[in-house]
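# Structure assessment
One letter stands for each residue in the lines below.
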Amino acid sequence: MTGSNFLAQGRDYLAIPGPSVIPDAVLQAMHRPSPNIYAGELVEMMPGLTADLRRVARTRHEVAIYIANGHGAWEAALSNVLAPGETVLVPASGLFSHGWAEMAERLGVKVELIDFGPSNPWDMDRIAQALRADADHRIKAVLAVHVDTSSSIRNDIPALRALLDDLNHPALLMADCIASLGCDRFEMDDWGVDVMVTACQKGLMTPAGMSFVFFNDRAKGKRAAMPRVSGYWDWQPRSQPDWFYQYFGGTAPTHHLYGLRAALDLIHAEGIEQVWARHARLAQAVWAACEAWAEGGALHLNVGDRAHRSHAVTALRLTEGRGTPLRSYTERHLGLTLGIGLGMADEDSCFRLGHMGHLNGHMVMGMLGGIETAMAALEIPRGSGALEAAAAVLAG
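Residues numbered from 1 in each chain as written. Predicted model: local features only at pLDDT ≥ 70, side-chain atom pairs only at ≥ 80, totals over all residues. Heavy atoms only, no water.

Rules: UniProt positions are given in the numbering used here, feature names are shortened, and annotations may be inferred rather than shown by experiment.
Of the protein chain, the UniProt comment under Sequence similarities (unreviewed entry) reads exactly: "Belongs to the class-V pyridoxal-phosphate-dependent aminotransferase family." Taken directly from UniProt, the Cofactor (unreviewed entry) text for the protein chain runs: "pyridoxal 5'-phosphate".

Written as structure tokens, this is what we have:
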């Protein structure tokens, strides 16, 4: 025995909030030669693939596919419904709300931002005040991040829709579901969302590289009235193509499509309601462990109220800058990679746990056991009974 504790051999576990763990079925589906992009199975599978994407989003409306990350989906959505000089309202509860707002500004869109800080959900009274003050309806859209990956806050999209309806405000409701789709319940049509953006690398369990914009008839009407939309970002040919290449504005992301097909098969075989229930139960196990550790005084959950916590990601803070050492220990010694802190004042103190997509009980318990080991090795104060609390949730 050398006294060292390097136990990282074996399969690594990437427990960051996206890209998430890729199922073997997805990897196997992608491990094939390049297909014909003019005829055959790739061309023939697209109508079913887009239909199954709409099933996950719970919409009967349109979807456009982009060979881009989530930032590309942001720009695509904005470009189709907002002209330079128009105004959007952005209720911000984390780094990615600010990111979407900055994207809008770079396109010449005016932004009214209400910053609720990195640890608070939306205050509907403040949003209502801003909308009431907009008597001439200068605000053309509200950019609403459902789950902010940096803060792990889950915001109330149905309440925002109800507020717009109560005030008879015509602004489009645009939702960022990059971190939430396929993890937290989302009902595009029932919740009255006009435009929704997401990407493939989180709840959709496919390697990063594709993003999606879903839009309804109200958004289509706004697109039709736009004086100009760039040829590449225009969602019209992508959602209703006359030719196969128009789905993608050019050559198809062939192997990503095979992977996405396999991922959608997994989601629909489980059933989206069960997918949501599984994420909720696994998230509750994570919270139970974190709340037990927090009794030691060194660890704090970024979101205090469970009702506002994401089922896909949990943001945490350790005192005295211990977040980075904790992450370094779990990765180097245990083969467990935790997410970095983003958008916080002291990023070395913060870290995030991804619990999204291809995930089960033993993976969550392994992640929590790794964190417990690191806290013991680094002598971080912690409350007792964390693993027992998580196990009780899973056993319940």
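The discussion continues.
## Focus: the side chain of Arg238
To keep things clear, this is the line we draw: Counting from the N terminus, the helices are DSSP H or I runs at least four residues long and the strands are E runs at least two residues long. Burial classes follow relative accessibility: with a 1.4 Å probe on protein chains only, a residue under 20% of its type's maximum area counts as buried, one over 50% as exposed, and anything between as partly exposed. Counted as positive: Lys and Arg. Counted as negative: Asp and Glu. His and the chain ends are not counted at all. We define a salt bridge as a side-chain nitrogen of Lys or Arg found within 4 Å of a carboxyl oxygen belonging to Asp or Glu. Contact between two residues is taken to exist if any of their heavy atoms lie within 4.5 Å; hydrogens are not considered.
Secondary-structure assignment places Arg238 in helix α8 (residues 235-239). The buried charged residue Arg238 lacks any salt bridge, with Asp234 as its nearest oppositely charged partner at 7.7 Å. In this structure, Arg238 is in contact with Val63, Ala64, Ile65, Tyr66, Tyr232, Gln246, Tyr247, Phe248 and Gly249, ignoring residues within four places of it in sequence.

## Observations regarding the sheet that holds strand β1 (residues 13-15)
Heads up, the rule is: Strand pairing is assigned whenever DSSP detects at least two bridges linking the two strands. The convention used is that axes are lines fitted to C-alpha atoms, helices contributing only their stretch in contact, and that angles between N-to-C directions extend from 0 to 180 degrees.
In space, the 5 strands of this open sheet follow the order β1-β11-β12-β10-β9, with mixed pairing throughout. Of all strands in the sheet, those bounded by a partner on one side alone are β1 and β9 (299-301). In this sheet, neighbouring strand axes are inclined to one another by 35 degrees on average, regardless of whether the strands run parallel or antiparallel. Running over the sheet, helix α10 (residues 272-294) touches β9, β10 (313-318) and β12 (350-354) and is turned about 140 degrees from β9. Set on the sheet, helix α11 (residues 323-334) makes contact with β10, β11 (336-340) and β12; between it and β11 the angle comes to about 155 degrees.

## Describing the pattern of salt bridges
For the coordinates displayed, the defined rule picks out 24 salt bridges. Its salt-bridge partner being Arg55, residue Asp52 comes within 3.1 Å of it at the nearest N-O pair. Placement of the pair is Asp52 and Arg55 together in helix α2 (residues 41-57), with a separation of 3 residues, close to one helical turn. Where Arg218 meets Asp194, a salt bridge forms, and the shortest distance between an N and an O atom there is 2.9 Å. Residue Arg218 is located in helix α7 (residues 217-224), and its partner Asp194 is located in the loop between β6 (172-176) and β7 (195-199); the two are separated by 24 residues in the primary sequence. Overall, Arg218 belongs to the partly exposed group, its relative accessible area being 39%. On the basis of relative accessible area, Asp194 is assigned to the buried category, the value being 1%. When salt bridges with common partners are traced through the structure, they connect Asp52, Arg55, Arg261 and Asp265 into a single cluster.

## Some points on unusual backbone geometry
Of note, the amide linkage connecting Gly18 to Pro19 takes the cis form, showing an omega dihedral of -5 degrees. Structurally, Pro19 can be placed in the loop between β1 and α1 (24-30). Here Ser152, not a glycine, exhibits a phi torsion of approximately 70 degrees, which is positive. Among the structural elements, Ser152 can be located in the loop between β5 (139-145) and α6 (157-166).

## Side note on the UniProt feature "modified residue: N6-(pyridoxal phosphate)lysine" (unreviewed entry) in the protein chain
As recorded in UniProt, the sites labelled "modified residue: N6-(pyridoxal phosphate)lysine" (unreviewed entry) are Lys202. By the element assignment, Lys202 lies in the loop between β7 and β8 (211-215). Taking relative accessible area as the criterion, Lys202 reaches 7% and is therefore assigned buried.

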